[in-house]
Amino acid sequence: MWLSGTSDLIGVLKQRGVKRVALQFPEGLKRKAASCTRTLREAGFEVIISGDPCYGACDLALGALEYADVLVHFGHTPVDDRSQVIFEPYEIGFDCAVLEKALPFLSGKPTGLVTTVQHAHLIPAMEEFLHRKGIDVRVCGGGSGRTPCRGQVLGCSFTAARIEGVDQVLFVGTGHFHPVGIAISTGARVIALDPLTGTAEEVNGDALLRRRFAVMEKAKGATGVGIIVSSKSGQQRMDLARRLVPLHPGAVIVLMQEVSPAELLNLGFACYVNTACPRLAYDDQVRFPVPVLSPQEFEILCGKRSWEEYAIDEIL
Ligand code: SF4
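Residues numbered from 1 in each chain as written. Predicted model: local features only at pLDDT ≥ 70, side-chain atom pairs only at ≥ 80, totals over all residues. Heavy atoms only, no water.

J.: I'd love a proper account of the sheet that holds strand S5 (residues 111-115), names of residues and values included.
T.: Here we have 5 strands laid out as an open sheet, ordered S6-S5-S7-S8-S9, and mixed in their pairing. Every other strand in the sheet has two partners, leaving strand S6 (137-138) and strand S9 (199-203) as the edge strands with one partner each. Bridge count between S5 and S6: 2 bridges; the pairing is parallel. Opposite Thr111, over in S6, you have Val137 as the bridge partner. Helix H3 (residues 123-132) rests against S5, S6 and strand S7 (168-172) of the sheet, and its axis sits at about 150 degrees to S5. (Pairing = 2+ DSSP bridges. Helix = DSSP H or I, 4+ residues; strand = E, 2+ residues; numbered from the N terminus. Contact = heavy atoms within 4.5 Å. Axes fitted to C-alpha atoms, helices over the stretch in contact; angles between N-to-C directions.)

Structural data, given as structure tokens:
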């Protein structure tokens, strides 16, 4: 049995004439590496595992391709096209009856439905359940950009939640970041349902915006600003960084693979602007020694954008 139970990875590898395979797992799936390796070895492949941290398809272990014919990346859908990388989904199922818990929160308005990649295969079943309950449910997206599945959102892309004529969105998934990001990005009323615990709640962006305002206040008056550009495969935004540099006389581009508190401390800037994974600034500010702003927050700080035009950072 393979990871998703429906995959034909071995068949695909054989068809491509592959002999050496590199495997990459996100943090939550790394424990699957040993059993996947066994299965592939039994099928005749030589296997290498990437041991570096990985949080998304934006962070492909392309260096492993020096030693392998293909890289198999587990748990995410592609954020860009690379013929030597095979993306292997990891589906997490649940009984769609859990959506009943969200119904008391939904008004009679058209409702957008979004989820994360692990549950994207259940979008049709969730749609059907909500239709049966009389909800005018709308799903968009799919087949484009960083979110190829219908109704799929990422922490750096809420495109599938921006649906014409819809100002109420049901997010089905775990964690707070995605629904908060959707609320700020779309301005819609957002209901978040955790399908694994059955907890439903209305979510808004107020607390995040208050925290970000405090970070921006601390960044005022900074003389040196490091504009962080990631060298990771799907996070590189050099063009954006180059547009930001002229906004501040002390701004300089800093190219980094891993953005860590220790490295930011060593570099010694009073403030940083993050063009790498947007979640770094929003989720991890408490870990960093100095303010780490999003590109939009830096524009506000430099007077290029008004506070009313605040937007959450997305890689589109
Ligand atoms: S950039 Fe961040 S949010 Fe986007 S796919 Fe990568 S890890 Fe996820």
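J.: Can you tell me about helix H2 (residues 33-42), naming the residues and giving the values?
T.: Taken together, the buried positions of H2 are Ala33, Cys36, Thr37 and Leu40. End-on view of H2: buried residues confined to an arc of 100 degrees, all on one side of the axis. Seen from the buried face of H2, the exposed residues on the opposite side, beyond 90 degrees, are Arg38 and Glu42. If you follow the buried residues of H2, they end up packed against helix H1 (9-15), strand S1 (20-24), strand S2 (46-49) and strand S3 (70-74). Just past H2, the residue Gly44 takes up positive phi, approximately 100 degrees. (Buried < 20%, exposed > 50% of the residue type's maximum accessible area, 1.4 Å probe, protein only. Arc of directions from axis to C-beta.)

J.: Can you tell me about the site of the ligand, naming the residues and giving the values?
T.: Taken together, Tyr55, Cys58, Arg146, Gly155, Cys156 and Cys277 are the residues near the ligand. Taken together, the residues of the shell around the ligand sort by class into 4 nonpolar, 1 polar and 1 charged. (Near = heavy atom within 4 Å. Nonpolar A, V, L, I, M, F, W, Y, C, P; charged D, E, K, R; others polar.)

J.: Give a description of H3 that names residues and reports values.
T.: Taken together, the buried positions of H3 are occupied by Ile123, Met126, Glu127, Phe129 and Leu130. Axial view of H3: buried residues confined to an arc of 165 degrees, hence all on one face. Of the surrounding secondary structure, the elements contacted by the buried residues of H3 are S5, S6 and S7.

J.: So what's going on with the pairing of S7? Which residues, and what values?
T.: The element S7 is extensively covered by neighbouring structure, given that 5 of its 5 residues are classed as buried. Where S5 and S7 come together, 4 bridges link them in parallel fashion. Note that in S7 the partner of Val114 across the bridge is Phe171. Pairing geometry for S7 and strand S8 (residues 189-194), over 5 bridges, is parallel. Residue pairing in the sheet places Phe171 in a bridge with Ala192 of S8. Running through helix H4 (residues 177-186), the crossover from S7 to the neighbouring parallel element S8 is right-handed. (Right-handed = clockwise from strand over helix to strand, strands pointing away.)

J.: Please provide a residue-by-residue account of the packing of aromatic side chains, values included.
T.: Within the structure shown, the criterion is met by 6 aromatic pairs. With a centroid separation of 4.3 Å and 0 degrees between ring planes, the pair formed by Phe25 and Phe74 is classed as stacked. Of this pair, Phe25 sits in the loop between S1 and H2 while Phe74 sits in strand S3, and the two are 49 residues apart along the sequence. Phe25 gets classed as buried once you look at its relative accessible area, which sits at 1%. Centre to centre, the rings of Phe269 and Tyr272 are 5.6 Å apart; their planes meet at 75 degrees, and the pair counts as edge-to-face. For Tyr272, a relative accessible area of 0% translates into the label buried. Of the aromatic side chains, those joined through ring pairs into one cluster are Phe158, Phe177 and Tyr282. Sitting over the ring of Phe288, Arg287 keeps its end group 5.5 Å from the ring centre. (Phe/Tyr/Trp six-rings, centres within 6.5 Å; stacked < 30°, edge-to-face > 60°. Lys NZ or Arg CZ within 6 Å of the ring centre and 35° of its normal.)

J.: Before we move on, can you summarise the pattern of salt bridges with the specific residues and values?
T.: One pass over the structure, following the stated rule, counts 18 salt bridges. Arg138 is paired through a salt bridge with Asp136; the nearest N and O atoms lie 2.9 Å apart. Residue classification places Arg138 among the partly exposed residues on the basis of a relative accessible area of 30%. In this structure, Asp313 and Arg237 form a salt bridge, with 2.7 Å as the shortest nitrogen-oxygen distance. Of the two residues, Asp313 is situated in the segment after helix H9 (295-301) and Arg237 in the loop between strand S10 (225-230) and helix H6 (238-244); the sequence distance between them amounts to 76 residues. On the basis of relative accessibility, which here comes to 2%, the residue Asp313 falls in the buried class. Classification of Arg237 as buried rests on a relative accessible area of 12%. Look at the salt bridges and you will find they share partners, linking Asp59, Lys232 and Glu258 into a network. (Salt bridge = Lys/Arg side-chain N within 4 Å of Asp/Glu carboxyl O.)

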